[in-house]
Each structure stands twice: as structure tokens, then as C-alpha cells.
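Listed below, chain by chain, are the residues.
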Amino acid sequence: MKVYVSVDMEGIAGILLPEQLKKGELYYEEARKLLTTEVNVVIEGLLEAGVNDIYVKDAHGTGFNFIASELHHGARYCMGATNVSNRFPGLDSTFDGAMLIGYHAMGGTEYAIRDHTMTSVGWQSIHLNGRPIGEIGIDSLLFGLHNVPVLIVTGDKKTCAEAIEEIPNVRTYETKEGFGRHAALIKPPKLVYRELKESIKESIATRTNVMPTTLDAPYELVMKFLSTDQLDQRYFDGTRSKRIDGLTASYSSDDIIEVLSIAL
Ligand SMILES: [Zn+2]
């Protein structure tokens, strides 16, 4: 069995502050240890569930957050910067399932740790074909293009709620409950490691309950920016890309990768 694991950082157990999430900041090195330990727990769960081919993508920031020397030997790791058109290197239809570990809720979600969509500083919200969408929705569509279902999503309480909205029958595991953007009632990481491993195994056992995420063409992505000069600096061709008003742009195409690539 073959599984693709995408790992972000905001939803990892014990992580809630901006100083934990950025290279060079005071608590970043400790946060990398929390991240790497949790990744190893996921791999242990997958191996115990009979998964023998595991790809793990370091999906936070520049893609270089795992501590390589401490990574479990039982998987392969995609590290370094990627773009939307190649967000999950090596992904193809031979994978039996995908997992979104340490994710966060979409930009604008109340009481959600580090709520944002793709960037914390670029824009406020994204709608795809009329519905608000965050990274859980975007990534489940990217896996769906290869007919790969997302089996489990982990992160804070709002992340889990968003996952259930996006992916029918997906399993979720909650690592903390936000009561502000940078404040949370956290589960101790040692408890998370025990429970998470079981959830990973259960998500493999019940994998046939979840279908790959799909969305029919044509696609229209509407983005609400934070400041008018961000749009002043963008090129709009008037057909596939349009400026709707001072803060809003829309992008359209029959190709989902194209629409995401030109917009994000
Ligand atoms: Zn992140």
C-alpha cells in the first residue's frame, strides 16, 4: 500500500505562536522537533497498518522544516520549495490515499490557530466556484486529480470542522482548540502521539469510506486582497484574469492547475 502525507506546521501538537513557525525566530528550533516527532509517529502508524511505500511532503513555508537526521527511516521525504503546479512531487494515481497532517483552517476563520490560505500576508480569502476554500480544499482537489482520496486531516478544532465540510467521511484528529489566532487549549504532545498513531491506523482500515475530491470545470477563483497596491502590481488580461474592484481579482480557466498557478 502506498500513501502520500502532506505535513504543514500550524496544526502540529504544541505549536501556536508565530515565533514557532518561522526560521530564525526564538521558538522555531523547538517547534521543528515537535514537527519531526509527530511526522515519525504518523510513519510508525502507517507501517503498523501495512503501508510500505510512504512519501512525506514538508509543506510549510519554504519546505525545509523537518530535522533530517531525526526522520524515521521508513519513508521518503519531499523537501524544499515547490509551486502549485508541482505541490506534491512524485504524486500519481498509484497512491492509495493521502493525509493532511498539522493543517490549519482557511483565512478568516474565528478562533483558529494561524488561519490563512497559502500565505499569511498576501490575501484575505479565496472563493473557488462560489465557495470559500482553504488549503484543505485545494490540496484535496490536487490529490483528487490523481484519484487519490484524503483519508485523514489533523490540526486544531476548526481545521477538523473544515475538513469534514470539504471531504465527506474523512477522519480527523484534533491536536488543540484555538481560542484566538495565537492562543489555544493544547493537548500535550505525548498524548497526541499515542492517540494520533491509532487514528492513522483506523484511517487506513476504513479508507474505502472516502472518495477522491472532485470539482467540475470551468473554474473561477475569486481572491480578496489586503491592500490595493497588491493588485496594482498584478497583470490582468481582461479575460482569464480580471480586476473586479480595488481589492478583488478573479481568475478563470478549464484547467484547475492553471487557475491556481496564475492566481497564487
Ligand atoms: Zn504552514
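What counts, and at which threshold
- Residues numbered from 1 in each chain as written.
- Predicted model: local features only at pLDDT ≥ 70, side-chain atom pairs only at ≥ 80, totals over all residues.
- Heavy atoms only, no water.
- Donors = N, O, S within 2.8 Å, 3.2 Å for Na, K, Ca; no water.
- Tetrahedral: all angles 85-135°; square planar, octahedral: opposite > 155°, others 65-115°.
- Buried < 20%, exposed > 50% of the residue type's maximum accessible area, 1.4 Å probe, protein only.
- Phe/Tyr/Trp six-rings, centres within 6.5 Å; stacked < 30°, edge-to-face > 60°.
- Helix = DSSP H or I, 4+ residues; strand = E, 2+ residues; numbered from the N terminus.
- Lys NZ or Arg CZ within 6 Å of the ring centre and 35° of its normal.
- Patch = residues over 30% accessible without salt bridge, like charges linked within 9 Å, V, L, I, M, F, W, Y side chains within 5 Å.
- Areas by Shrake-Rupley, 256 points an atom, 1.4 Å probe, with all protein chains shown as cover.
- Salt bridge = Lys/Arg side-chain N within 4 Å of Asp/Glu carboxyl O.
- Contact = heavy atoms within 4.5 Å.
- Pairing = 2+ DSSP bridges.
- Domains from an automatic or database assignment.
- Buried area = accessible area lost by both parts, 1.4 Å probe.
- Polar contact = N/O pair within 3.5 Å; in protein donor to acceptor, adjacent residues only side chain to side chain.
- Core = buried A, V, L, I, M, F, W, Y, C linked by side-chain atoms within 4.5 Å.
- Expected span 1.5 Å × (residues − 1).

J.: Provide a residue-level description of the coordination of the zinc ion, including the pertinent values.
T.: The coordination sphere of the zinc ion contains the protein donors D8 (OD), E10 (OE), E10 (OE) and H60 (ND1), at a distance range of 2.1 to 2.4 Å. Bound by four donor atoms, the zinc ion shows angles of 55 to 133° at the metal and therefore irregular coordination geometry. Along the chain, the residues that donate to the zinc ion are spaced as D-x1-E-x49-H. Under the relative-accessibility criterion, D8 is labelled buried at 4%. Overall, E10 belongs to the buried group, its relative accessible area being 4%.

J.: Describe in detail the packing of aromatic side chains, supporting the description with residues and values.
T.: Aromatic rings in a pair are described by how distant their centres are and how their planes are angled relative to each other. Taken as a whole and judged by the stated rule, the model has nine aromatic pairs. Taking 5.9 Å as the distance between ring centres and 75° as the angle between the ring planes, the aromatic pair formed by W123 and F225 counts as edge-to-face. Linking W123 in strand β5 (residues 123-128) with F225 in strand β10 (residues 219-225), this pair joins segments that are 102 residues apart in sequence. Note on accessibility: W123 and F225 belong to one class, buried. A network of ring pairs unites the aromatic residues Y4, Y55, F88, F95 and F143 as a single cluster. The residue whose ring lies beneath K2 is F95, and the NZ or CZ to ring-centre distance is 4.6 Å.

J.: Quick rundown of a nonpolar patch on the surface? Include the residues and the values.
T.: On the surface, Y111, F179 and L185 cluster together into a nonpolar patch covering about 370 Å² of accessible area. When you line up the elements, F179 lands in strand β8 (residues 171-180).

J.: Tell me what's going on with the environment of E162, and back it up with residues and numbers.
T.: Residue position: E162 is located in helix α3 (residues 157-166). Since its relative accessible area comes to 9%, E162 is described here as buried. Put simply, E162 and M106 are 56 residues apart on the chain and 8.1 Å apart in space, counted from C-alpha to C-alpha. Ignoring sequence-local partners within four residues, the contact set of E162 consists of A105, M106, T109, G134 and I136.

J.: Any details on the sheet that holds strand β12 (residues 248-253)? Residues and values, ideally.
T.: Ordered by their spatial adjacency, five strands build an open sheet running β6-β5-β10-β12-β11, and the pairing between neighbours is antiparallel. Both edges of this open sheet fall to β6 (131-132) and β11 (241-245), since each of them pairs with a single strand only. As paired elements, β10 and β12 share six bridges and run antiparallel to each other. Following the sheet pairing, M223 is matched in β12 by A249.

J.: I'd love a proper account of the domain arrangement of the chain, names of residues and values included.
T.: For the chain, the assigned domains are domain 1 (2-119 + 133-209) and domain 2 (219-263). One C-alpha centre belongs to domain 1, the other to domain 2, and the line joining them spans 28 Å. Across the contact, six residues belong to domain 1 and four residues belong to domain 2. Both sides together, the interface formed by domain 1 and domain 2 hides about 460 Å², and carbon and sulfur atoms give 90% of it. It is V84, S85 and L145 that lose the most area in domain 1 upon contact with domain 2, and together they represent 60% of the buried surface on that side. For the pair domain 1 and domain 2, the interface holds zero salt bridges. Along the contact surface separating domain 1 from domain 2 lie zero residue pairs in polar contact (both at pLDDT 80 or more).

J.: Report on unusual backbone geometry, specifying residues and quantitative values.
T.: The linkage connecting A217 with the following residue, P218, adopts the cis geometry, with an omega of 0°. With respect to the helices and strands, the residue P218 is situated in the loop between α4 (189-205) and β10. Although it is not a glycine, Y111 sits at a positive phi angle of roughly 50°. With respect to the secondary-structure elements, Y111 resides in the loop between β4 (97-103) and β5. The backbone phi angle of R114 is positive, close to 55°, even though this residue is not glycine. Along the chain, the position of R114 falls in the loop between β4 and β5.

J.: If you had to explain the nonpolar core to someone new, which residues and values would you point to?
T.: With 71 residues, the main nonpolar core has V5, L46 and M99 as its most contacted residues. In terms of residue count, the dominant contributor to this core is helix α1 (residues 28-48) (nine residues). Mapping this core onto the domain boundaries places at least three of its residues in each of domain 1 (2-119 + 133-209) and domain 2 (219-263). Ignoring any residue separated from it by four or fewer positions in sequence, one finds V5 in contact with V42, L46, I54, Y55, V56, K57, M99 and I101.

J.: Outline α4, listing residues and values.
T.: Helix length check: α4, at 17 residues, gives a terminal C-alpha distance of 24 Å against a target of 24 Å (1.5 Å per residue), a fit within 8%. Within α4, burial applies to P189, V192, Y193, L196, K197, S199, I200, S203 and I204.

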